[in-house]
Amino acid sequence: MADIFSVIADPTRRQLLSLLLERYVSEDAASASGAGDGEFSVSELVSQLELSQPTVSKHLKVLRDSGLVVVREEGQHRYYKIDVSPLEDVEDWIIPFLSADFDTSAEDELWENASDAVKSAAATFGQNVGRRAAATSHAVKSVADDLVSKLRRGEH
């Protein structure tokens, strides 16, 4: 299997993933009413990208081999849907860079000069934000796990 970074390095594959993500997100709301499945046919992708069918198919194969898309076959037609779970490796790798300790001397000085009331309010606010972030993260993971489970069982 190709390294996930080399897979997403290609601009055409990133464009394909963006289209598939847009469809998935826009139809996620529609799926609550029983409509939509977040899929694109190869011909729709060819039309959207204005590339040749063999070029699009070549990139879809790379995405499929890396696990970033799943395909459903229906007769001669192929329908693709995004699977973002392989991107967790990218997220795990990039988070330390995004949370690196940058120059915080100005913020430190402001904090040292803040009143006890401001510090107390900030601590309470931070705890509330942390709890909500944790609850939201748990809810998102639960939904994602449910989707992955359904995909593995072949449910749509």
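Asker: Residue-level account of the environment of Gln-53, with values.
Answerer: On the secondary structure map, Gln-53 appears in helix 4 (residues 53-65). On the basis of relative accessibility, which here comes to 42%, the residue Gln-53 falls in the partly exposed class. A C-alpha to C-alpha distance of 7.4 Å links Gln-53 and Ser-43, two positions 10 residues apart in sequence. Sequence-distant contacts of Gln-53, that is, excluding residues within four places in its chain, are made with Val-42 and Val-46.

Asker: Got a sec to walk through the side chain of Glu-39? Specific residues and values, please.
Answerer: As for its placement among the helices and strands, Glu-39 is situated in the loop between helix 2 (11-31) and strand 1 (40-41). With relative accessibility at 7%, the residue Glu-39 sits in the buried group. Only 2.7 Å separates the side chain of Glu-39 from the side chain of Arg-72, close enough to count as a polar contact.

Asker: I'd like to hear about the pairing of strand 2 (residues 69-74), residue by residue, with values.
Answerer: Side-chain direction in a regular strand flips from residue to residue, so the side chains alternate between the two faces of the sheet. Pairing analysis gives 6 bridges linking strand 2 to strand 3 (residues 77-82), with the strands arranged antiparallel. Paired with Val-71 across the two strands is Tyr-80, which belongs to strand 3. The antiparallel pairing of strand 2 with strand 3 creates a hairpin that spans 2 residues between the two strands, and Gly-75 there sits at a positive phi of about 65°.

Cut-offs used in this document
Residues numbered from 1 in each chain as written. Predicted model: local features only at pLDDT ≥ 70, side-chain atom pairs only at ≥ 80, totals over all residues. Heavy atoms only, no water. Helix = DSSP H or I, 4+ residues; strand = E, 2+ residues; numbered from the N terminus. Buried < 20%, exposed > 50% of the residue type's maximum accessible area, 1.4 Å probe, protein only. Contact = heavy atoms within 4.5 Å. Polar contact = N/O pair within 3.5 Å; in protein donor to acceptor, adjacent residues only side chain to side chain. Pairing = 2+ DSSP bridges.

These figures come from the coordinates and say nothing about function on their own.
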